[in-house]
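Residue-level structure breakdown
If you want the building blocks of each chain, they are given just below.
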Amino acid sequence: MEMPATSEMASTQDAPSEASGGDVIIQTQNLTKVYRDFWGRQKVRALKALDLEVRRGEIFGLLGPNGSGKTTTMKLLLGLLFPTSGQALVFGKDATDVSKNERIGYLPEESYLYRFLNAEETLDFYGRLFDMPAALRRQRIDELIESVNLGWARRRQLKEYSKGMARRIGLAQALINDPDLIMLDEPTTGLDPIGTREMKDLILRLRDQGKTVLMCSHLLADVQDVCDRIAILYQGELKELGRVDRLLTVQDVTQIQARGLSLEAQDEIKTVIQRHQGTLMSMNNPTSTLEELFLNIVRDSEARPGRRAQEKQ
Amino acid sequence: MVLEREILPFLVWLLPRVDSDGVLQLGALLLVLLIAAALLVASLFIAYLRMIIVQGPGEGFYAVAKSVATAVTKDFPNTSWRRIGAMTKLAILESLRRRVLIVFFVFALLLLFAGWFLDPASDHPARLYISFVLTSTERLMLAMAILLSTFSLPNDIKNRTIYTVMTKPVRASEVVLGRALGFCAVNSVLLLLMGVISYGFVVRGLSHTHTIDPDELEMLVDAEGGQVLSGRTSFDVGHRHDLTLGPDGIGRTGRRMDHEHQVWVEGEGENRRYRVGPPEGALVARVPIYGSLQFMDRTGRPGEGISVGKEWTYRQYIEGGSLASGVWTFRGLDQRQFPDYIPLEMNLSVFRTYKADIVSPVAGTITLKNPTTGLTSEALPFGAQEFVVYTHPIPRALKAVTAEGTLIDVDLFEDLVDQQGDLEVWIGCSDAAQYFGMAQPDVYIRGQEGSFAWNFAKAYLGIWLQMIIITFFGVMFSTFLTGAVAMFATAIVYTVGLFREFILKLVGGELDGGGPLEALLRIVFQKNVQIDLDMGPVIDRAVPVFDQLLLFFLWVAAIVFPDFSEFNTSRFVAYGFNISGNMLLQHFLVTVAFVIGLSIYGYFFLKTREIAA
Ligand SMILES: Nc1ncnc2c1ncn2[C@@H]1O[C@H](COP(=O)(O)OP(=O)(O)OP(=O)(O)O)[C@@H](O)[C@H]1O
Ligand SMILES: [Mg+2]
């Protein structure tokens, strides 16, 4: 099937979705990051003038090929990097403000945890960093270890953990403070299919609890399954932004599929189509896959560099 | 022991004053405040310059102001002990994982082998043993502190484990403080273990006894007609003692190698045995009572001593065979403390203008004078030798010379010590053309004995304080340098601190040969320090300018960095002097000042560092 150009794919006059009414949790304005070397020389323009809003209660996906600036965006939001220009606000506070971390959970790209601690010690350590009292810590630790299915390995040092186990304890670590905003950098890498499924269910469950999730990934199936809205980055530029269901609806193709139509009615429709020099295949709006959308954006960006996205609802 | 510097009373040390030369001394408190203010201004200026480059003048100013405001209003007040505790615990676990306890075994091994090489038959075995354990503990401990503190944070940044930490509500100050406290805790435990082992090593290493062969004893009759046994002990660990046994069967040996033994008789007739107790007096902690020193010149009038051009400038010399003398005034002496005699100890340095006979002591006299009545005792002769501490018990019963020139019997406390308990001790040199060098701490009255074990512990406290300062320096550097560089920087701080005195002299132009670059050129081109550099007009001009700049930085470093040589109190213990609580308190406060200052710097460096860059 012929794919229409992405630019015409989504309509802009749709009614605002239910998520857009909520308050803004993350806001970036003109957020730009240039990596410099020791001498201050410019190395990489990793992020170019990003404007983004993530609202309460939505699952927001950052997409893009390797090196497109997803992790950079996340680190800027966490205050691990300082913007070259523009600003990033989280909960209305500057991203470098430490106190915003009280309500954030972060799962980094890889499990950057202390390998000489065991699962309990790890969670206890991070719990203390949230100034949690001992009783509360113990309770959270038990709950979390249970929910990531690591009960059998809770006293083993992390250096003995497999990649997927490390990922799970990393997730538990991100949830220790019962955060309102969870940032997940490629949450499903290293997980087996069951683990991936569980991770996705967990993300949906968190959303249902009213939490906001920002995740980045290049595993499109995952994003398609769970995200409410996505932004697609390519070489540090925002290429596409909008609701997943809308973005994947091909607006200029109509698919008609019907039952119980009389022969006359079918003939009538056929004549209408013939009158317009069309061929009826079936009747509806088909959805493309995210993979197709993604590849199209990449192709399109390479053909016409510099084009930037408008928010599509 | 020769004290290089006077230990000031606490308040004199702390507060501003005008010293005896009329020079204003700032005192520690003002000095710290001044340095802090200077550092504050300099740091803000440098931070502003950096932000101007990054963000431009207006924005840069705003950025600096904002980060200071955040620190003061948000981060410091919200400090949580639980978070600091978490970082501390992490640092401890990390250290244990890095198997720091191995250092302890290295130390134990070191002592094991040292036992073979330390010669208990040396002239001053206690000095040897104590210096050895304290020096090796100090070196090992400080190396340990540098290694532990400098690599940890850079490793966290390299492994990116810091990402999961800094995205929690933990403040940079808590990370710095927690880390440093953790390493201090680990090192403290190590130090404690080393201390206990060292103490055992010293006590065991020095412990020995002798036997007495009854055939070598000789019966004498003393002044009261009692029977006294005299003789000598067996020869063990390189020495033997003379001994006398009183009529009651109890006696003491003579003093050899800084110690003596008690001797007693057990049993009767056939079973009569002579016993020798453990060594006594080797491990002591004298508590000296210092007086104030005033010089009399060779005509006997108050004046200056002579500089013989060596040693420390503050030690002055008096000429033998003249009226020149050093007068120590001791205040507040209490008869109850010294019922029988006043134990005067001195450690004069001797400068011989002729050395035909360098073995026999140089003769001197001690004269005691009542500061109020002017009554003066007869001169008591003594002999002084280099590097030897002499004890002169001044007996109660003395003879004094009246104005008419007749000798009368006087009592030390009744007649020579005045109402306020003050006493003047005049010390002169009677050998013409020989000199005595004197400084205030060289002559003192030996007050009550301190406990050696506690004194030993206090020396360890000195090492402990150094370890804390080094650890905080290490952690501070590691917030913005890589591990190896931070280690190097910390080592430099320690070195500069150790040679602070030398650097200050160098900067003050008191040393020949010019600054570092000039000195290097002189070495390379083999020009001795007395001649001009003379290498062409350009070099002759440029070298001093360069050196001045270099010396300026060294000067700043020497002023700001801690004086580690001052913290090293092992010589006190080794020479058997009590480490005064006052000095310990001074060192403690200096440490606190460094801990606070370095934590603040560490906070700002870590806070303004782009961790993921
Ligand atoms: N610390 C750094 N120093 C210099 N350049 C960096 C640094 N981190 C990232 N970059 C560069 O910035 C760009 C964006 O990197 P980023 O990590 O944000 O990509 P990403 O979208 O997360 O990719 P991936 O899907 O592979 O995780 C890349 O070109 C990368 O090389
Ligand atoms: Mg990434």
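**Remarks on the overall build of chain B**
- Each helix and strand in chain B was counted, giving 17 helices and 24 strands.
- Dimensions along the principal axes, computed over C-alpha positions, put chain B at roughly 95 × 65 × 55 Å.
- Within chain B, the fraction of its 613 residues that count as buried is 44%.
- Just so you have it, chain B exposes about 30,500 Å², and 64% of that area is on carbon and sulfur atoms.
- Charge separation in chain B, taken as the distance between the mean sites of 49 positive and 59 negative side-chain charges, equals 15 Å.

**Some points on the site of ligand 1**
- Near ligand 1, the surroundings consist of 17 residues, among which Gly 67, Lys 70, Thr 71, Thr 72 and Glu 109 of chain A are the closest.
- Mapping the residues near ligand 1 onto chains gives chains A and B.
- Contacts to ligand 1 include Gly 67 of chain A, whose backbone N or O atom sits 2.8 Å from an oxygen atom.
- Contacts to ligand 1 include Glu 109 of chain A, whose side-chain N or O atom sits 2.8 Å from an oxygen atom.
- Sorting the residues of the shell around ligand 1 by element identifies strand S2 (42-55) and helix H1 (70-78) of chain A as the ones contributing at least two each.
- Across the shell around ligand 1, the residue classes break down as six nonpolar, seven polar and four charged.

**Some words on the side chain of Glu 186 of chain A**
Residue and element names in this part refer to chain A.
- Residue position: Glu 186 is located in the loop between strand S7 (181-185) and helix H5 (193-208).
- In this structure Glu 186 is buried but unpaired, with Lys 70 as the nearest side chain of opposite charge at 4.3 Å.
- For Glu 186, the contacting residues outside a window of four places in its chain are Lys 70, Arg 167, Cys 216, Ser 217 and His 218.

**Thoughts on the side chain of Arg 396 of chain B**
All names here are of chain B.
- Structurally, Arg 396 can be placed in the loop between strand S19 (390-395) and strand S20 (397-401).
- When its relative accessible area of 16% is taken as the criterion, Arg 396 is described as buried.
- Polar side-chain contacts of Arg 396 include one of 3.0 Å to the side chain of Asp 411.
- With near-sequence residues (within four places) excluded, Arg 396 lies in contact with Gln 335, Phe 338, Pro 339, Asp 340, Val 410, Asp 411, Leu 412, Phe 413 and Glu 414.

**Remarks on the interface of chain B and chain A**
- The interface is formed by 33 residues belonging to chain B together with 31 residues belonging to chain A.
- In total, chain B and chain A occlude about 3,100 Å² of area from one another, counting both sides; carbon and sulfur atoms represent 64% of this.
- It is Arg 82, Thr 167 and Lys 168 of chain B that lose the most area in chain B upon contact with chain A, and together they represent 22% of the buried surface on that side.
- Counting the contacts that link chain B with chain A gives four salt bridges.
- A salt bridge links Lys 89 of chain B to Asp 124 of chain A; its shortest N-O distance comes to 3.9 Å.
- At the level of elements, helix H3 (57-75), helix H4 (81-97), helix H6 (125-159) and helix H7 (161-166) of chain B are the ones that each hand at least two residues to the side of chain B that touches chain A.
- Per-class residue counts for the side of chain B that touches chain A are twelve nonpolar, six polar and 15 charged.

**As for the coordination of the magnesium ion (ligand 2)**
Residues and elements named next belong to chain A.
- For the magnesium ion (ligand 2), the protein coordination sphere consists of Thr 71 (OG1) and Glu 109 (OE), at 1.9 to 2.4 Å. With Thr 71 in helix H1 and Glu 109 in the loop between strand S6 (104-107) and helix H2 (119-129), this residue pair connects regions lying 38 residues apart in the sequence.
- The exposure class assigned to Thr 71 is buried, which follows from its relative accessible area of 14%.
- Since its relative accessible area comes to 30%, Glu 109 is described here as partly exposed.

**Some points on the packing of helix H13 (residues 516-524) of chain B against helix H14 (residues 537-560) of chain B**
Residue and element names in this part refer to chain B.
- Contact pair H13 / H14: the axes reach a minimum separation of 7 Å and the direction vectors enclose 130°. With respect to each other, H13 and H14 are oriented oblique. Facing Pro 516, Leu 517, Glu 518 and Leu 521 of H13, the residues of H14 in contact are Ile 539, Val 543, Phe 546, Asp 547, Leu 550 and Leu 551.
- Residues belonging to the contact of H13 with H14 are distributed by class as follows: eight nonpolar, no polar and two charged.

What counts as what
- Residues numbered from 1 in each chain as written.
- Chains lettered and ligands numbered in written order.
- Predicted model: local features only at pLDDT ≥ 70, side-chain atom pairs only at ≥ 80, totals over all residues.
- Heavy atoms only, no water.
- Helix = DSSP H or I, 4+ residues; strand = E, 2+ residues; numbered from the N terminus.
- Buried < 20%, exposed > 50% of the residue type's maximum accessible area, 1.4 Å probe, protein only.
- Areas by Shrake-Rupley, 256 points an atom, 1.4 Å probe, with all protein chains shown as cover.
- Lys, Arg positive; Asp, Glu negative; His and termini not counted.
- Charge placed at Lys NZ, Arg CZ, Asp CG, Glu CD.
- Near = heavy atom within 4 Å.
- Polar contact = N/O pair within 3.5 Å; in protein donor to acceptor, adjacent residues only side chain to side chain.
- Nonpolar A, V, L, I, M, F, W, Y, C, P; charged D, E, K, R; others polar.
- Salt bridge = Lys/Arg side-chain N within 4 Å of Asp/Glu carboxyl O.
- Contact = heavy atoms within 4.5 Å.
- Buried area = accessible area lost by both parts, 1.4 Å probe.
- Donors = N, O, S within 2.8 Å, 3.2 Å for Na, K, Ca; no water.
- Axes fitted to C-alpha atoms, helices over the stretch in contact; angles between N-to-C directions.
- Parallel < 35°, antiparallel > 145°, perpendicular 65-115°, else oblique.

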